[in-house]
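Breakdown of the fold
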Amino acid sequence: MSTLADLTIHEALDLLDSREISAFELTQAVLSRVAATEDRVHAYLNLDAEGALAQAAKADKERLSGLQAALLGIPIAVKDNISTQGIETTCGSKILKGYIPPFDATAIKHLKDAGAVILGKTNQDEFAMGSSTENSGYGVTHNPWNLDRVPGGSSGGSAAAVSVGEALGALGTDTGGSVRQPAAFCGIVGLRPSYGRISRYGLIAFASSLDQIGPLTRDVEDAALLLSVLAGADPRDSTCRPNPVPTYTEGLDTGIKGLRIGIPTDYLAGQGIQPAVAKALKEALACLEEAGAELVELRLPHTQYGIATYYLIATAEASTNLARFDGVRYGIRIAEEGTLEQMYAQTRGQGLGEEVKRRIMLGTYTLSAGYYDAYYIKAQKVRTLIKQDFDQAFEQVDILVGPTTPTTAFKLGEHITDPLQMYLEDIFTIPPALAGIPCMSVPCGFDAEGLPVGLQFMAPPMEEAQLLKAAYAYEKMTRWNKRRPVLC
Amino acid sequence: MKYEAVIGLEVHAQVHTRTKMYCGCPVIEDTGQLEPNTYVCPVCLALPGALPVVNRRVVELGILTGLALNGTLQPVNVFARKSYFYPDLPKGYQISQYELPLMTNGYLEIETSNGIKKIGITRLHMEEDTAKLYHEAGKTLIDFNRAGIPLLEIVSAPEMHTVEEVKAYAMTLRDVLVTLGLSTGDMEKGQIRFEANISVHPEKSQKLGTRTEVKNLNSFRALAKATDYEIQRQISLLRDGEMVIQQTMGWDEQQGKTYPQRSKEESHDYRYFPDPDIPPVEIPTLWIEEIRNQLPELPLAKKQRFIKTYRLGHYDAQLLVADYVIADFFEETVGRRPNLSPQDIANWITGEIFRLLKERQLTLKESGITPPKLAKLLQLWHTGTINNNVTKVILAEVFNTGIDPEVIVKREGLAQISDAQTLNTLIDGVITAHPQQVTQYLHGKHAVLSWFMGQVMKETQGKANPKEVQNLLRIHLEQRRFS
Ligand SMILES: [Zn+2]
């Protein structure tokens, strides 16, 4: 049954502003949906129902007193790797069990300043390492379109919540595809902004040179709305860019007539693309052409090295980023007996999951004396080549379009014993992440089993406005995003 | 066989900026005095999600030091993660510099008994201090107040050969850092720490010996003693036909011995790589030139100038230039043009004022003495208005209270009695009262003269001009010979 919980953010804001609904009712509707579906989906690790209702009541009062704020009274879910003051933040890991941050991430501060209602923290692959949310230390999340399927990952909890109406929008994080891939699998919109567009302060790092916070929403306009709130310089994050933040919701509907859209042929041939995905892509391209865009086939020749490059750089950074989880200052400490080394070994051995330990070892190896040049330095060189691929492509075209993932949502447990197969899921999402360019996934159809397919848009650095405009035009023509899952 | 030692020094100096290296927490000079874990934040505690931001002032002071050490400055500075696990290192890595340090190829001139010598400085880089561990009753407590305090690491080339050179290098470098205003140079508070790389080889051989690294030397004394001990230890090993093992050594202050900490096989692989949280810090030439204009005169140059311009002795000049506050104080006092020589002023500063500073545990700026006041006081002393002892008493009062010396002299009636008529009457009285001592004097026992001096001083509460009294006493006594 469709309720207030199925509204987009901008629809809800219209109703709130015209006093047809209250923020309290809206949050209640979302909490009712959580009550109805959460036992099957398991999107949340930590739901703060009481806090959310209090924030909603406060938002209603503020609206009555004439306060205007971009997200006043909108219930939003937050991925568990983003620090929330006073709310347990575990990053999906047992090692952080019980850790309550004494500060808000800058992105959370922006949300709160805009009047958003924070619902709670969503499930994820531990430390954002995974593409299925099966690597969580606290159980798996199920895809609302088919409960036997994964929701994607690592922001699987956020994507499932938005898809099923357990939140109007959510924050995820994307290191190599962790916003776009679950958005594609769950039939919603997922935006990864340019590297440095949204502050990383308070985001628990996986791979610092790749991590970006991004919104998961039910349509492109909502993504634009959230990005306008979240983006901007932050003196606490030296990698955050000072570029001014436009109101991304303005000028969305100016159309794409004459827009030059590049189709990277490397994203099509021999990459294990399912026929349903290929078909959806073909239809999408026809649609864009019909809207007046000019399609140009081109090459991104270093695409094939993306995954290898990514797994060297990301794991190298992660191996040091995760060194702080040592049982000394926060989270769990397992020190049954013995020396300091044993305390480290027990705490990290038992507190961290298999995939996390695998990546820490990979990264440690990559940075080791004697291997550093062959692996880390070489990977950095290839990263530069991949960036140049995109630079050259954007000399010819305004936007690039391709599939978000080679397949639709796979079965729970299908890839769990084969990490390499799992890594291949990120083949199209990784290169733009390495290049630091803005990119997003938009629903573009369904396969024979009714599983959603995602279309990926990519734009030059800091050209989010351009990116959103193209995605918006496509969405308006197809309305794939209007379909919602029915749990059964 | 004679052996030669080859020594290089690594120096870690805390930089006293307003805030820490990568966060906004205040830098407190002596964190040992604080309530533990009160000057901390998410960044220096390495809470999940916290990010470092480079303190530009440290870069500035690093450039200043690089210029003072005559080195080549790196136009693009890269910060690197140095990884190892230890509870005093909250992130599990230290943010330091590796491949592209702030400065390379510098040198420091030191003064030894063989004259001036240049010691090469391989590199200077910025990094952060660790937390402090306290081991109590089987438990370890951690204080993070010190974590994240900026450090400069300065690495010399292995170009020193004697303990004397090592000491001269360490002290000269300390004086430079104090002069540049980035350290108070207080060794007891751990603000400057040393590590010595030491090897020995037969004097005739060109081939260097196996080196050891002696860590955690926190005073000049420990540095000198440990270096000396380690050189002797290695020489006796070689004399006995044994090998020196490449390893890290500790220094046991109580026993006066170095001891092995870990060998090369156990040494860390720090897995350095550029910190992705910190974009490279560019240092444009314009910035360097701006900083170059702030470069003060360095101690050794100042010392040479003091010797030449003020005709000071080496020793006094050295004492004055060790701290630029003292050196400036000296020069300002001289600039007041009192009628006495700079050497006299230097003597008063390095003698009585240094004694007072040590006794009261104050810095010059915390005391009441200023160059104009010292100049005035010494002027009174030089003209004989007050004598030595009275000068010391007044100096102490000025030091304590800051009251003008002339005011004290007037208030206490401390002006020296030099007036001949007053003194003649006084001396006549004393001599008449002690005929026995007069007889002794006249029989050749001239030591009695100083006894009479004492009597006169007693009568005048020490205010009589001693030179004058001595003259007059002799005249008066000799007169008795004929009466
Ligand atoms: Zn701090």
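Residues numbered from 1 in each chain as written. Chains lettered and ligands numbered in written order. Predicted model: local features only at pLDDT ≥ 70, side-chain atom pairs only at ≥ 80, totals over all residues. Heavy atoms only, no water.

**Examining the side chain of A:T408**
Residue and element names in this part refer to chain A.
- Note on placement: T408 falls in the loop between β9 (399–403) and α13 (419–424).
- Side-chain polar atoms of T408 contact the side chain of D447, separated by 2.8 Å.
- Ignoring anything within four residues of it in the chain, the contact list for T408 reads F185, Q274, V277, D447, L451, P452 and V453. (Helix = DSSP H or I, 4+ residues; strand = E, 2+ residues; numbered from the N terminus. Polar contact = N/O pair within 3.5 Å; in protein donor to acceptor, adjacent residues only side chain to side chain. Contact = heavy atoms within 4.5 Å.)

**Thoughts on the packing of aromatic side chains**
- Within the structure shown, the criterion is met by 29 aromatic pairs over all chains.
- Seen from their ring centres, B:F306 and B:F330 are 5.2 Å apart, and the 45° between their planes marks the pair as tilted. Of this pair, B:F306 sits in helix α5 (residues 299–310) while B:F330 sits in helix α7 (residues 324–335), and the two are 24 residues apart along the sequence. The burial state of B:F306 is the same as that of B:F330; both residues are buried.
- Three or more aromatic residues link up through ring pairs in this structure, and these residues are A:Y99, A:F127, A:F325 and A:Y330.
- Lying over the aromatic face of B:Y134, B:K132 brings its terminal NZ or CZ to 5.9 Å of the ring centre. (Phe/Tyr/Trp six-rings, centres within 6.5 Å; stacked < 30°, edge-to-face > 60°. Buried < 20%, exposed > 50% of the residue type's maximum accessible area, 1.4 Å probe, protein only. Lys NZ or Arg CZ within 6 Å of the ring centre and 35° of its normal.)

**Some words on the interface of chain A and chain B**
- On the chain B side, the residues contacting the 38 residues of chain A number 30 residues.
- The three residues of chain A that bury the most area against chain B are A:T320, A:R324 and A:R329, which together make up 22% of that side's buried surface.
- There are one salt bridge connecting chain A and chain B.
- As a salt-bridge pair, A:R200 and B:D277 come within 3.0 Å of each other at their nearest N and O atoms.
- Linking chain A with chain B are twelve residue pairs in polar contact (both at pLDDT 80 or more), by the criterion used here.
- Among the elements of the structure, α9 (306–321), α10 (340–351), α11 (354–367) and α12 (372–396) of chain A are those that each provide at least two residues to the side of chain A that touches chain B.
- Here the side of chain A that touches chain B gets four residues from one element, more than from any other, and that element is α9(A).
- A per-class count over the side of chain A that touches chain B returns 20 nonpolar, ten polar and eight charged. (Buried area = accessible area lost by both parts, 1.4 Å probe. Salt bridge = Lys/Arg side-chain N within 4 Å of Asp/Glu carboxyl O. Nonpolar A, V, L, I, M, F, W, Y, C, P; charged D, E, K, R; others polar.)

**Considering the pairing of strand β11 (residues 192–202) of chain B**
Residue and element names in this part refer to chain B.
- Where burial is concerned, most of β11 is hidden: ten out of the eleven residues are buried.
- Alignment of strand β1 (residues 3–14) against β11, held across eleven bridges, turns out to be antiparallel. Each residue of the ladder has a partner; that of V6, found in β11, is S199. (Pairing = 2+ DSSP bridges.)

**Section: the pattern of salt bridges**
- Taken as a whole and judged by the stated rule, the model has 43 salt bridges over all chains.
- Two residues, A:R329 and A:D326, come together in a salt bridge whose shortest N-O distance is 3.2 Å.
- With its nearest N and O atoms 2.7 Å apart, the salt bridge here joins A:R359 to A:E355. Of this pair, A:R359 and A:E355 are both found in helix α11, four residues apart, which corresponds to roughly one turn of the helix.
- By sharing partners, the salt bridges in this structure join A:R200, A:D237, B:R81, B:D275 and B:D277 into a single network.

**Structural notes on the sheet that holds strand β4 (residues 80–83) of chain B**
- With respect to topology, three strands assemble into an open sheet ordered β5-β4-β15 (chain B), the strand pairing being antiparallel. Of all strands in the sheet, those bounded by a partner on one side alone are β5 (93–96) and β15 (273–274) of chain B.
- Pairing analysis gives four bridges linking β4(B) to β5(B), with the strands arranged antiparallel. The residue of β5(B) that forms the bridge with B:R81 is B:I95.
- Contacting β4, β5 and β15 of chain B, α9(A) runs over the sheet at an angle of about 60° to β4(B). (Axes fitted to C-alpha atoms, helices over the stretch in contact; angles between N-to-C directions.)

**Side note on the nonpolar core**
Residues and elements named next belong to chain A.
- Counting residues in each nonpolar core, the largest one holds 94 residues, and the members touching the most others are L71, I74, L111, M440, F457 and L468.
- No other element matches the eight residues that helix α7 (residues 220–230) contributes to this core.
- Not counting the four nearest positions on each side in its chain, L468 is found in contact with L191, V220, A223, A224, L227, Y248, L252 and M440. (Core = buried A, V, L, I, M, F, W, Y, C linked by side-chain atoms within 4.5 Å.)

**As for the coordination of the zinc ion**
All names here are of chain B.
- Coordination of the zinc ion by the protein involves C23 (SG), C25 (SG), C41 (SG) and C44 (SG), with metal-donor separations of 2.3 to 2.4 Å.
- In this structure, the zinc ion is coordinated by four donor atoms arranged in tetrahedral fashion, with angles at the metal of 101 to 115°.
- Sequence spacing among the residues donating to the zinc ion works out to C-x1-C-x15-C-x2-C. With respect to burial, C41 and C44 carry one shared label: buried. (Donors = N, O, S within 2.8 Å, 3.2 Å for Na, K, Ca; no water. Tetrahedral: all angles 85-135°; square planar, octahedral: opposite > 155°, others 65-115°.)

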